[in-house]
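Observations on the model geometry
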Amino acid sequence: MRLVSRALALASLGLLAACAIRPTPPPEIPTTVPVPPPVPSPLPPPPPPVGRNAVETGVKLESPRVLGPDEAARALAAFRLSCPAVTTRNDASGLTVGSDWQGVCAQAASLDPGFAPGFFYYGFDWVKVGEGRAFATGYYEPEIEGSRTPQPGYVPIYRVPPDLVRCTKPDGTTGRGRIDETGTCVLYFTRAEIEDGALAGKGLELAWAKDPVDLFFMEIQGSGRIRFEDGSVMRVAYAGQNGREYVAIGRLLRDRGILPPGGANMRSIRDWIRANPEQGRELMRENLSYVFFKELVGPGPPGALNVPVSARATVAADPNYVPLGAPVYIHHADRAEVDGPWVAQDVGGAIKGPNRFDTFWGSGADAAASAGGMSASGQAMILLPKGVAARARPQP
């Protein structure tokens, strides 16, 4: 029994030893490493809503800025010109009423320009509309060649036609149009129809332009000078518009890939039209809007307030968001030349929405160069008579 027991014990030890020296298989290494799913980036916050006017969009009181003496004096001179209008007109922005401006206008009338920086610093509430993000373009007073009588190849510059009226169309909308032979209010003639002779022979010609492209761009500017063969000059100003939609042809060229993003400035658009005359003519006709002119006598050109606009001091703005006549301050723009004070004295067919401005640069080659390539983004504030902002801001 002891031998059997010993044999069994030895056999058991042999089995245990065999178990002890058996190698442990290595862990399996996965052929691919699982990658966690990407975490989506948070969506940017939606842009703040834009109301029908400045009050609905919202305004916020900001700290005033100290202006340089020269820029303040220039803005003061322009602001003085605005005062007869700003104290009496209705303000579509909802920010002010005419009587709000009487105090600052009375002060401005006799103020020494040397005190202009303090006038703007202490006399106004500086507010931003919405987020205050501004975009500014430029305009100027062009000079084109023309004639007082018809010449081969010249095109007419028209006065406002008497049949352009404000009327109510069959769909109930009211706007500029004409009454047709059935007595119905219909849309007025398009640019193409006018160029093809819809107004010919009616005695509406103010003058004739040598170059239709020059006339087209003078319409965009809204005013200009016509230099005649004898050296005399006629100044003309915006008198009316056919009521049709304004279409920015630079945007069309960019959207169609003809001009690169950021490359659709006035000079490049002109160059393309001249290099492609037939296509250029059709492109200009895609802008259905047509502007009528009147002869201007005296200083000018006049803006929407019927006062002369001032170089480097006047901006066109949307009156639903800026009281016409109010000072405007543009800052932190990516084009430094637009930074500083301006006065909202004009409007424009393409100047729509809060903080959208068109800066006026005067006349001549330098003005054309500044305005033609102007495209600036920055921040803007509107200057309202002291104490007025509280009425426009939401109350707690």
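One can find the structure itself at the top, above this paragraph.
It is worth spelling out the overall build of the protein at this point. Across its full length, the protein carries 12 helices and 17 strands. Out of the 396 residues belonging to the protein, those deemed buried represent 45%. By sequence separation, contacts in the protein at least 24 residues apart represent 78% of the contacts at least 6 residues apart. Just so you have it, the protein exposes about 21200 Å², and 57% of that area is on carbon and sulfur atoms.

A few words on the sheet that holds strand β8 (residues 185–186). Sheet strands associate in pairs through backbone hydrogen bonding, adopting either a parallel or an antiparallel arrangement. The strand order across the open sheet formed by three strands is β6-β7-β8, and the pairing between neighbours is antiparallel. The open sheet terminates on both sides in strands that have one partner only, identified here as β6 (165–168) and β8. Where β6 and strand β7 (residues 174–179) come together, four bridges link them in antiparallel fashion. In the strand pairing of β7, arginine 166 is matched with arginine 176.

Moving on to the packing of aromatic side chains. This model, assessed by the stated rule, comprises 14 aromatic pairs. Note on phenylalanine 79 and tryptophan 101: the rings are 6.1 Å apart at their centroids and 50° apart in plane angle, and the pair reads as tilted. A residue pair is termed long-range when its members are at least 10 positions apart, and phenylalanine 79 in helix α3 (residues 69–86) and tryptophan 101 in the loop between α3 and α4 (102–109) qualify at 22 residues. Members of the aromatic cluster, connected to one another through ring pairs, are Phe79, Trp101, Phe119, Phe120 and Phe124.

Before going further, it helps to examine the layout of surface pockets. Rolling a probe over the atoms, with the probe sized like a water molecule, indicates the empty space that remains. The calculated volume of the second largest pocket comes to roughly 400 Å³. Together, 20 residues line the second largest pocket, and Val155, Glu195, Pro212, Arg281 and Met284 are the ones closest to its centre. Breaking the lining of the second largest pocket down by element, the ones donating at least two residues are β5 (155–158), α6 (191–198), α7 (212–221), α9 (266–275) and α10 (277–285). Each residue belonging to the lining of the second largest pocket can be placed in one class, and the counts come to 13 nonpolar, one polar and six charged.

So, about unusual backbone geometry. Notably, arginine 312 is not glycine yet its phi reads approximately 60°, a positive angle. By the element assignment, arginine 312 lies in the loop between β12 (291–296) and β13 (314–316). Judged by its relative accessible area of 36%, arginine 312 is partly exposed.

What the rule picks out here adds up to one cavity of 30 Å³ or more. Its volume calculated, the largest cavity comes out at about 30 Å³. The residue makeup of the lining of the largest cavity, split by class, is four nonpolar, two polar and two charged.

Moving on, we get to the packing of α3 against α4. One way to put it is that α3 packs onto α4 with a least axis distance of 10 Å and a crossing angle of 135°. Accordingly, the angle class assigned to the pair α3 and α4 is oblique. Considering how the two elements wind past one another, α3 and α4 form a crossing that is left-handed. Counted together, Leu76, Phe79, Arg80, Cys83 and Val86 of α3 and Val104, Cys105, Ala108 and Ala109 of α4 form the full contact between these two elements. Residues of the contact of α3 with α4, tallied by class, amount to eight nonpolar, no polar and one charged.

Looking at α10, one finds that the buried residues are Gly280, Leu283, Met284 and Arg285. On its buried face, α10 sits against α6, α7, α8 (249–255) and α9.

By definition, a disulfide is the covalent link that joins the sulfur atoms of two cysteine residues. Evaluated as defined, the whole model comprises two disulfides. The connectivity of the disulfide bonds within the protein can be written as 1-2, 3-4, using the sequence rank of each bonded cysteine.

Bridge count between strand β10 (residues 223–227) and strand β11 (residues 233–241): five bridges; the pairing is antiparallel. Opposite arginine 225, over in β11, you have arginine 235 as the bridge partner. Taking the residues that link successive antiparallel strands as the turn, the β10-β11 hairpin has five residues, and the phi of glycine 231 there is positive, at about 95°. With six bridges joining them, β11 and β12 adopt antiparallel strand pairing. Across the sheet, arginine 235 pairs through a bridge with leucine 296, a residue of β12.

This next bit is on the pairing of strand β4 (residues 143–147). Successive side chains on a regular strand alternate, one facing one side of the sheet and the next facing the other. Pairing of β4 with β10 involves three bridges; the strand directions are parallel. Note on β10: the bridge partner recorded for glutamate 145 is arginine 227. The pairing of β4 with strand β9 (residues 205–209) spans two bridges and is antiparallel. The residue bridging serine 147 from the neighbouring strand is tryptophan 208, located in β9.

Read from one edge to the other, the open sheet built from six strands follows the order β5-β9-β4-β10-β11-β12, with strand pairing classed as mixed. One side of each edge strand has no neighbouring strand; the edge strands of this open sheet are β5 and β12. Taken pair by pair, the neighbouring strands of this sheet meet at an average axis angle of 45°, ignoring direction. α7 rests against β4, β5, β9, β10, β11 and β12 of the sheet, and its axis sits at about 20° to β5.

Our next topic: the nonpolar core. The biggest cluster of nonpolar side chains holds 71 residues, and the ones touching the most others in it are Phe79, Phe119, Phe120, Phe124, Ile273, Phe357 and Ile382. Once residues within four sequence positions are removed from consideration, isoleucine 273 is found in contact with Val213, Phe217, Ile249, Gly280, Leu283 and Met284. Within the second largest apolar cluster, 13 residues are counted, among which are Ile226, Met234, Val291 and Phe293.

Cut-offs used in this document
Residues numbered from 1 in each chain as written. Predicted model: local features only at pLDDT ≥ 70, side-chain atom pairs only at ≥ 80, totals over all residues. Heavy atoms only, no water. Helix = DSSP H or I, 4+ residues; strand = E, 2+ residues; numbered from the N terminus. Buried < 20%, exposed > 50% of the residue type's maximum accessible area, 1.4 Å probe, protein only. Contact = heavy atoms within 4.5 Å. Areas by Shrake-Rupley, 256 points an atom, 1.4 Å probe, with all protein chains shown as cover. Pairing = 2+ DSSP bridges. Phe/Tyr/Trp six-rings, centres within 6.5 Å; stacked < 30°, edge-to-face > 60°. 1 Å grid on protein atoms, 1.4 Å probe; cavity = no way out; pocket = protein on both sides within 12 Å on 5 of 7 lines; lining within 4 Å. Points joined across faces, edges and corners; volume = space filled by probe spheres on them. Nonpolar A, V, L, I, M, F, W, Y, C, P; charged D, E, K, R; others polar. Axes fitted to C-alpha atoms, helices over the stretch in contact; angles between N-to-C directions. Parallel < 35°, antiparallel > 145°, perpendicular 65-115°, else oblique. Left-handed = near helix turned anticlockwise from the far one by under 90°. Disulfide = S-S within 2.5 Å. Core = buried A, V, L, I, M, F, W, Y, C linked by side-chain atoms within 4.5 Å.

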